[in-house]
Amino acid sequence: MEYFLELFLGGLTRGSIYALIALGYTMVYGIIELINFAHGEIYMIGAFTALIVASVLTLFGLNQIAILVLASITAVIYSAAYGFTVEKIAYKPLRHAQRLSPLISAIGMSIFLQNYVLLAQTSDFLPFPSLIPDFEFWEAYSHIIGSAELVILITTTIVMILLTFLIKFTKIGKAMRATAQDRNMAMLVGVNVNQVISMTFIIGSALAAVGGVLIASHIGMINFYIGFIAGIKAFTAAVLGGIGSIPGAVLGSLVLGLTESFATGYVSSDYEDVFAFALLVLILIFRPAGILGRSTTQKV
Amino acid sequence: MNNHLRGLFITAVMVLVMIFTLTGNGLTAEMIKLGVAGAHSGDLASYGIPSVKAAKLVVEDINAKGGILGKKVEILAEDDVCKPEVATNTATKLLSQGVNVVMGHICSGATKAALGIYKDSKIICMSPSATNPALTQSGDYPNFYRTIASDDAQARLEVDFAINVLKFKKIAVLHDKGDYGKGLAEYAKAFIEKNDKAEVVLYEGVTPGAVDYSAVVQKIKRSDADAVIFGGYHPEASKIVMQMRKKKMKTIFISDDGVKDDTFIKVAQKYAEGVYATGPKDTSKNPLAIAANEAHKKEFGAEPGAFFLNAYAATQALLNAIEKAGSTEYEAVSKALRTEYVETPLGKIRFDDRGDAIGVGFSIYQVQNGVYVELK
Amino acid sequence: MIKFSEIKKSFLVSLWFMFLTFPIMVIRVNPIEKTVQWRWRNMMIIGIGSFLLSFVWRFMLERKESGQKKADVFGIHKISFIQRILQEPKIYIPLLIVTGVFAIVFPFIFSAYQTNIMITALMYVMLGLGLNIVVGLAGLLDLGYVAFYAVGAYSYALLNYHFGLGFWTVLPIGAVLGVIFGILLGFPVLRLRGDYLAIVTLGFGEIIRLILENWNEFSFGPSGIANIPRPGFFGIEFSLQSATNYIYYMMIGLTLFTIFVVNRLQNSRIGRAWMALREDEVACQAMGIDKTKTKLTAFALGATWAGMVGVIFAAKTTFINPASFTFLESAMILSIVVIGGMGSIIGVVIGALILILLPEYLRAFSDYRMMLFGAILVIMMVFRPQGIISNVRRTYKFQGKQQ
């Protein structure tokens, strides 16, 4: 039973990281129907920025909490800035092009950003300071779930609640939903669509940065390539849940994280990813629009 | 269309054969051309670039003394990014530049792909780092030599150490699903299974770059293993060790050459303490090794990287063999490599009939107080 | 003259980029040695570089937009210079002859190395044309095309290893296995649309690679299969040089064959059905086209070429391992199709030659070549989203009395 619980919580932690990245994919897709392949790289840049800031601040001798807060805030700001810029350069001029062009542009952007970090920084793995402290009061349970994992779960939950609030009740949230439903109609009723799209990229990238900082300080090392694998997984999760749907992305991520964890725990980690993708194919066969996706009947 | 082409092709081949028999002898240049191939860019560059630097140092040294056989040595460095399909292009590029011997390639896969080309052209190739056992043991590559011991020797050492010295009964074998790591783990598993004193309680591959390894770590914990033998490189190793220690597991961690790297200790920090790793025999007391490291520091202003000494030794062995053979001709150089001893930073070495270096071996190291210490 | 507002805009852009690249470009930390290196010179370079580039960027963007507007206003499709050449028999026939002669004498003029990379480029031409059937003609986004390539490569390696079958025997077998896997993938994804299809094909590609990586008993795992024989020719043993030339001429022949078949397919009944499917699935069904059959044939025929090229790949490199069949490879082939111009055969050919030869000749910039490659993909798409040579749609004009 304890083994099951450990696997369950491990899968949940992994799932929440996927969810933070998957939200960026799903929000962007919901609005401009683009698979933003460069999104994983934004997550990587978030982690790198946090590492750089944390290292510099450590030299100045700040205390751990201050470093954690400052590094996270800088990472979020920079990731958001990168997301915003990437959209302006690589996707905005392609608003009216055929559907595959922005996709190739996104793949190009992803390769570019990876190599940009590789050249400007290093190809080696860098140790990431464990910014999340080990709580003493949690010591007794730490063999089941560590403090870092606990922080990941709690942070993700808070972020999800905030995001739901933002989408449901604020003006920009309403504008986003309107644009997702029908871009032209939204334009007609006075929504500034360009601004909404920029906002979507900024919010999505900021969420990815949160994920980047959390996971990097949990596993303790990063390199320029971490974004690619995490990005593919998160994208899979977003499609699994029904791309374009925000609760779907969260659900899909958790399902994917749990599947991987249990597949490793009870079968073999050799085929961990095979299980993940097989699950995706199976779910899409029976629900072609994902778990929570709306299956739209095509109008003629 | 196809028939037409076929006819054309036959004439083409005939013309070519003629051209090449005529010009083949005319290619003897005044320089001895040493090809240096490996990953010089991309994510594995940190394994390949030190070999170029080593070759440069050796060649500068030799040219300063007037070269060999009255000829200067020239380096042709080509990048293969450790990909087999690129390695064949690299190899043909080196051939068309008239290379005499090749020091490289770095990764086993790329080496195998390139060897097919060198073999047909009778070019000797010596790798400082390709450890795949089949390269020498299959007998397919008579033109291949290396200055590093093969994976099975390393696995044998790890298993013997775990069973005979540490007296462990239950061993978990993990690998990173890669060419190097999985090959090594396969051997380790086979050796443990042959031995009655211990059993393999877990055999798993971890996905490199996965977000975390908590599920695998739980599994190790559940298998109740005394020790983990891991085949792979230091990034995954340090992630696994750190997660194990954070879960308060005391399982002993034994790994390979890919982990016997100071970066491992610096990344895993306090968690690295007590980890065992196999690596090439300690050469820090060898005066040639000290000299080579000093020369590197003087020339490039930094500590040498991975496989530097192996590459240094390989370059020396190749050039020495050419000198002893009196020519760059394939048969003569092969014979010289197999019979003549040469003094290198790795010790006094020559090569056996399969191409493995005699005199290069592994020993066990342990992390003690933040440094790798050789266990005697 | 450059207006003041333009300068101001560029100045702001350069400020923004200096801010953006500050942590990554200027600071280099070494957490191991606990040192920080400040590289202010990089900031200056970025500042000046982005200031100048922003002018170029805006100028190009304006030119592109004004071009589009003109086309919209006058309702004419601007036919590019290259397309005009291609429509003029007086020009394209001599051009074709020159290209043909060049292709034939190529190995005699250039070294074996050049021939070798040309073979690689031709392999990608075939792969691009194969994927063009699926993506360009049928409009099905396939991100796992490399799976079929792997199937072909492994079928030759394994059949040769176990049964000693030769290259020419396995070439059709590889193609057939490609078809089988194409249909195998096609069935479950029939109901999926657009990007759902993309991710499932991506997953399929990864599954194939992971199986090859993990199932040692079957595929020899990550250490791969070595000593795969090069193609034979009635039992004649070749030297390396002539084997390279042999593969080269074989590739020229196969590429011509591919172009011929794809060209015929495009104008056939099934080709028209694909294009109809691409344009509008519902309308296409309403016209009485069997959607299932059309989609499956697209997948199957696309996979045929990948299977065949896989066999050639294995024979050319003589060594294969799963690391050659990653998602990046699929992305590369897809980029060839899109950069070249979807649905256009000549475009795909040019796209493949550029994208494969470019990194090879960029070797001089070895460190920067992948970054340049990424940047070129983005720039190409921003300024020429339709690809180098966009497919000219066949149009029929009513030549009546309409003065």
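Criteria and thresholds
Residues numbered from 1 in each chain as written. Chains lettered and ligands numbered in written order. Predicted model: local features only at pLDDT ≥ 70, side-chain atom pairs only at ≥ 80, totals over all residues. Helix = DSSP H or I, 4+ residues; strand = E, 2+ residues; numbered from the N terminus. Rg over C-alpha atoms; globule rule 2.2 N^0.38 Å. Buried ≥ 20, exposed ≤ 12 C-beta atoms within 10 Å, placed from the backbone. Contact = placed C-beta atoms within 7 Å. Nonpolar A, V, L, I, M, F, W, Y, C, P; charged D, E, K, R; others polar. pLDDT = per-residue confidence, 0-100. Domains from an automatic or database assignment. Arc of directions from axis to C-beta. Pairing = 2+ DSSP bridges. Axes fitted to C-alpha atoms, helices over the stretch in contact; angles between N-to-C directions.

### Observations regarding the overall build of chain B
Part 1: In terms of helices and strands, chain B carries 13 helices and 15 strands.
Part 2: At 23 Å, chain B has a C-alpha radius of gyration in line with the 21 Å of a compact globule built from 376 residues.
Part 3: Overall, the C-alpha framework of chain B stretches about 70 × 60 × 35 Å when taken along its three principal axes.
Part 4: Per-residue burial over chain B gives 58% buried out of 376 residues.

### Some details on the interface of chain A and chain B
Part 1: Taken together, the contact between chain A and chain B spans 29 residues of the former and 27 residues of the latter.
Part 2: Of all elements in the fold, only helix H1 (2-32), helix H8 (193-219), helix H9 (226-241), helix H10 (246-267) and helix H11 (272-286) of chain A reach the threshold of two or more residues within the side of chain A that touches chain B.
Part 3: Per-element accounting of the side of chain A that touches chain B gives the leading share, 6 residues, to H1(A).
Part 4: Looking at side-chain class alone, the side of chain A that touches chain B contains 12 nonpolar, 11 polar and 6 charged residues.

### What about the confidence of the model for chain C?
Part 1: Chain-level pLDDT for chain C is 84 on average; 88% of the residues reach the 70-or-more range.
Part 2: What the predictor reports for the complex is a pTM of 0.85 with an ipTM of 0.87.

### Comments concerning the confidence of the model for chain B
Residue and element names in this part refer to chain B.
Part 1: Residue-level pLDDT values for chain B average 83, and 91% of them are 70 or greater.
Part 2: Across chain B, the element-wise mean pLDDT spans from 47 in helix H1 (residues 2-23) up to 92 in strand S4 (residues 124-127).
Part 3: When the criterion is pLDDT under 50, residues 13-29 qualifies, and its contacts beyond four places in sequence or with other chains add up to 10 contacts.

### Topic: the interface of chain A and chain C
Interfaces are often sized by the amount of accessible area the parts lose when they come together.
Part 1: Facing 52 residues of chain A, the contacting portion of chain C comprises 43 residues.
Part 2: Secondary-structure elements contributing two or more residues to the side of chain A that touches chain C are helix H2 (39-60), helix H3 (64-91), helix H4 (100-120), strand S1 (126-127), H9 and H11 of chain A.
Part 3: In terms of residue count, H4(A) provides more of the side of chain A that touches chain C than any other element does, 14 residues in total.
Part 4: Tallied by class, residues from the side of chain A that touches chain C come to 39 nonpolar, 11 polar and 2 charged.

### Describing the domain arrangement of chain B
All names here are of chain B.
Part 1: In terms of domain boundaries, chain B breaks down into domain 1 (30-148 + 285-358) and domain 2 (152-274).
Part 2: A separation of 31 Å is found between the C-alpha centroids of domain 1 and domain 2.
Part 3: In this complex, domain 1 contributes 6 residues to the contact, which on the side of domain 2 involves 5 residues.
Part 4: Split into classes, the residues belonging to the side of domain 1 that touches domain 2 amount to 2 nonpolar, 4 polar and no charged.

### Brief notes about the domain arrangement of chain C
Part 1: When the domains of chain C are assigned, the result is domain 1 (4-74) and domain 2 (110-383).
Part 2: A separation of 37 Å is found between the C-alpha centroids of domain 1 of chain C and domain 2 of chain C.

### A closer look at the environment of B:Ile32
All names here are of chain B.
Part 1: Looking at the element boundaries, isoleucine 32 is found in strand S1 (residues 32-38).
Part 2: Taking the number of C-beta atoms within 10 Å as the measure of exposure, isoleucine 32 has 22 and is therefore buried.
Part 3: C-alpha separation for the pair isoleucine 32 and threonine 328, spaced 296 residues apart in sequence, amounts to 8.0 Å.
Part 4: In this structure isoleucine 32 touches Ile68, Lys71, Val73, Glu74, Asn100, Ile322 and Thr328, once residues within four positions along its chain are discounted.

### Details of helix H13 (residues 330-339) of chain B
Residue and element names in this part refer to chain B.
Part 1: Taken residue by residue, H13 has Val333, Ser334, Ala336 and Leu337 as its buried positions. Buried positions in H13, seen along its axis, are confined to an arc of 165 degrees and lie on one side of it. Exposed side of H13, more than 90 degrees from the buried face: Glu331 and Thr339 are the residues found there.
Part 2: Those residues of H13 that are buried are in contact with S4, strand S5 (144-146), helix H12 (308-325) and strand S12 (347-351).

### Some words on the pairing of S1(B)
The side chains of a regular strand alternate, residue by residue, between the two faces of the sheet.
Residue and element names in this part refer to chain B.
Part 1: The element S1 is extensively covered by neighbouring structure, given that 6 of its 7 residues are classed as buried.
Part 2: Judged from the 7 bridges that link them, S1 and strand S2 (residues 73-79) form a sheet pairing that is parallel. Counterpart to leucine 34 in the pairing with S2 is isoleucine 75.
Part 3: Where S1 meets strand S3 (residues 101-103), 3 bridges bridge the pair, whose relative direction is parallel. Looking at the pairing, glycine 35 lines up with valine 102 of S3.

### So, the sheet that holds S1(B)
Residues and elements named next belong to chain B.
Part 1: A sheet is described by the order of its strands in space; here 5 strands give the open sequence S2-S1-S3-S4-S5, paired in parallel fashion. The sheet is open, and its two edges are formed by S2 and S5, each paired on a single side. Averaged over all adjacent pairs, the angle separating strand axes in this sheet is 25 degrees, with direction ignored.
Part 2: Packed onto the sheet, H12 meets S1, S2, S3 and S4 and runs at close to 165 degrees relative to S3.

### Comments concerning the sheet that holds strand S8 (residues 227-231) of chain B
Residues and elements named next belong to chain B.
Part 1: With mixed pairing, 7 strands are arranged side by side in an open sheet as S7-S6-S8-S9-S10-S14-S15. On the outer flanks of this sheet lie strand S7 (199-205) and strand S15 (371-374), each paired with one strand and no other. Here the strands of the sheet are splayed against their neighbours by 30 degrees on average, with no regard to which way each runs.
Part 2: Looking at chain direction, strand S10 (residues 276-280) and strand S14 (residues 362-368) are connected through 5 bridges and run antiparallel. In the sheet register, alanine 277 faces S14, and the bridge partner there is tyrosine 365.
Part 3: Strands strand S6 (170-175), S7 and S8 of the sheet are contacted by helix H7 (residues 179-194), whose axis makes an angle of about 160 degrees with S6.
Part 4: Relative to the sheet, helix H8 (residues 214-223) contacts S6, S7 and S8, its axis offset from that of S7 by approximately 175 degrees.

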